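Letter by letter, the chains look like this.
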Amino acid sequence: MPFWFARGLRRGIVTTRYPARPDQSAAWLPTPPAFRPGQLTRQDADRMVAVCPGPALRRRGDTLVFDAGACTACGKCIEAAPHAASSSGEFELATTVRSALIKEIPIRGGLR
Amino acid sequence: MNPGPNETEAAAGQLREMIAAQFGRSLHIRTLDTGSCAVCEQEIRLLSAPHYDLHRLGFFFTPAPRHADLLLVTGPMVRAFGVAARKTYEAMPGPKVVVATGACALGGVYPQDPFVHGNVGEVLPVDVWIPGCPPSPLALLHGLGVAVGRLAERTPGLTFIAGEGGAA
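Keep in mind that this is a model prediction, so the values were computed, not measured.

### Regarding the overall build of chain A
For chain A, the helix and strand inventory stands at 3 helices and 5 strands. Summarising the internal contacts of chain A: among those between residues at least 6 apart in sequence, 74% fall at separations of at least 24.

The following block contains the structure:
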């Protein structure tokens, strides 16, 4: 009780921290893919871009451009090339800059 | 005259500090559905369930934009709704925050559909973007934390390359 009273007197402190404890259900959430550039060929990249139902993936030369904001975590790109991508486990992706969600993935054999 | 990028950045920083100071423990949210499939709304509704318990963090839902500090926008912004969205934003007292929620609002699902703007940013000045289809309640809580400057942003540090930058 004195602990909560003292905590309540402080300004700007939340009532409970976030997350109060790790959430088990977080492990079951569908999450955007994470890519393995060492395994990712141009053919893989093109196949992924072809199956992506939205504008989340596109290829620009030897770079796969991934827009995590447009990704619906459907998992079709992971199915298309399971050796080159897997679920990332990242879902807390809120950002104040839209362009921070657009990531560039180098493709194997590229010039980068 | 339009302010330069530096002035805009400084103003945004000031606004963020003001919001953190004023709304640290009491921030009222108005949700705005601009043509979403209602799954984002389901996830938002779950925030007030005991498991997530939004109110413990000092966030509350309000039915009127005139009482709201934060506009939580879902959906791809149907063209017919643009005026209403604008009016809702103008009815809110300042300082105010706009949070675009879900892949639709971020331009990920209907980027070129003739009936929608395709991106909430085309109609409203968005401050925080929450991706996900739908964003889980945990992602929404994190987004609200980012909006009031209470939780750090993680996205710029992520690379989405396996074994790098925190992504598994």
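And the narrative resumes.
### Digging into the overall build of chain B
Secondary structure summary: chain B contains 5 helices and 5 strands in total. Starting at the N terminus and ending at the C terminus, chain B contains elements arranged as α-β-α-β-β-α-β-α-β-α. Taking all 168 residues of chain B together, the buried fraction comes to 48%. Taking the intrachain contacts of chain B between residues at least 6 apart in sequence as the baseline, contacts between residues at least 24 apart amount to 75%.

### What to know about the nonpolar core
F35(A), L70(B), L71(B), V73(B), V99(B) and A100(B) are the most contacted members of the largest nonpolar core, which totals 71 residues. No other element matches helix α5 (residues 137–147) of chain B, which puts 7 residues into this core. Excluding anything up to four places from it in sequence, A100(B) contacts V73(B), A105(B), L106(B), V120(B), G121(B), V126(B), W129(B) and I130(B).

### A closer look at the confidence of the model for chain B
Of all residues in chain B, 83% have pLDDT values of 70 or greater, and the mean over the chain is 84. Reported confidence for the predicted complex is 0.81 by ipTM and 0.83 by pTM.

### Structural notes on the pairing of strand β5 (residues 102–106) of chain A
Residue and element names in this part refer to chain A. The side-chain alternation of β5 yields one buried face, formed by K103 and I105, and one unburied face, formed by I102, E104 and P106. Of the pairings in the sheet, the one linking strand β3 (residues 63–67) to β5 comprises 5 bridges and is antiparallel in character. Bridge pairing in β5 links V65 to E104.

### A look at the interface of chain B and chain A
Chain B puts 39 residues into the contact, and the matching count from chain A is 40 residues. If you list the elements that add at least two residues to the side of chain B that touches chain A, you get β5 (128–130) and α5 of chain B. Of the residues that constitute the side of chain B that touches chain A, the class distribution is 22 nonpolar, 12 polar and 5 charged.

### Topic: the pairing of strand β2 (residues 57–60) of chain A
Of the strand pairs in this sheet, β2(A) and β3(A) are connected by 4 bridges, and their pairing is antiparallel. Across the sheet, the residue bridging to R58(A) is V65(A), located in β3(A).

### A few points about the sheet that holds β3(A)
Residues and elements named next belong to chain A. Pairing within the open sheet is antiparallel, and its 3 strands lie in the order β2-β3-β5. Of all the strands in the sheet, the pair left with one neighbour each is β2 and β5. For this sheet, the mean inter-axis angle between neighbouring strands, taken without regard to orientation, is 25 degrees. Across the sheet, helix α2 (residues 42–51) is in contact with β2 and β3; its angle to β2 comes to roughly 140 degrees.

### Brief notes about the sheet that holds β5(B)
Residues and elements named next belong to chain B. Across the sheet, which stays open at both edges, the 5 strands sit in the order β2-β1-β3-β4-β5 with parallel pairing between neighbours. Looking at which strands have only one partner, the edges of the open sheet turn out to be β2 (59–61) and β5. Across the sheet, the mean angle from the axis of one strand to that of its neighbour is 30 degrees, orientation sign disregarded. Inspection of the sheet shows strand β1 (residues 27–33) paired to β2 by 3 bridges, in the parallel sense. From the neighbouring strand, H28 faces β2, where its bridge partner is F60.

### Here's the deal with helix α2 (residues 39–46) of chain B
Listing the buried residues of α2(B) in full gives C40(B), E43(B) and I44(B). Projected down its long axis, α2(B) carries its buried residues within an arc of 100 degrees, all on one side.

### Overview of the environment of M77(B)
All names here are of chain B. Position of M77 among the secondary structure elements: in the loop between β3 (70–74) and α3 (82–91). The exposure class assigned to M77 is buried, which follows from the 28 C-beta atoms found within 10 Å. With sequence-adjacent residues up to four places away left out, M77 is seen in contact with T34, G35, G82, A85, V116, H117, N119, V120, E122 and V123.

### As for unusual backbone geometry
All names here are of chain B. The omega angle of the peptide bond from C133 to P134 is -10 degrees, so this bond is cis rather than trans. Examined against the element boundaries, P134 turns out to sit in the loop between β5 and α5. Residue M77 is not a glycine yet carries a positive backbone phi of 60 degrees. Of note, the phi angle at F160 is positive, near 60 degrees, even though the residue is not glycine. By the element assignment, F160 lies in the segment after α5. Since 23 C-beta atoms lie within 10 Å of it, F160 is described here as buried.

### Overview of the environment of C133(B)
Counting through the fold element by element, C133(B) comes out in the loop between β5 and α5. Separated by 11 residues in sequence, C133(B) and E122(B) have C-alpha atoms that sit 20 Å apart. Dropping the residues within four chain positions of it, C133(B) is found in contact with T72(A), A73(A), G102(B) and A103(B).

Scoring rules and cut-offs
- Residues numbered from 1 in each chain as written.
- Chains lettered and ligands numbered in written order.
- Predicted model: local features only at pLDDT ≥ 70, side-chain atom pairs only at ≥ 80, totals over all residues.
- Helix = DSSP H or I, 4+ residues; strand = E, 2+ residues; numbered from the N terminus.
- Contact = placed C-beta atoms within 7 Å.
- Buried ≥ 20, exposed ≤ 12 C-beta atoms within 10 Å, placed from the backbone.
- Core = buried A, V, L, I, M, F, W, Y, C linked by C-beta atoms within 7 Å.
- pLDDT = per-residue confidence, 0-100.
- Pairing = 2+ DSSP bridges.
- Nonpolar A, V, L, I, M, F, W, Y, C, P; charged D, E, K, R; others polar.
- Axes fitted to C-alpha atoms, helices over the stretch in contact; angles between N-to-C directions.
- Arc of directions from axis to C-beta.

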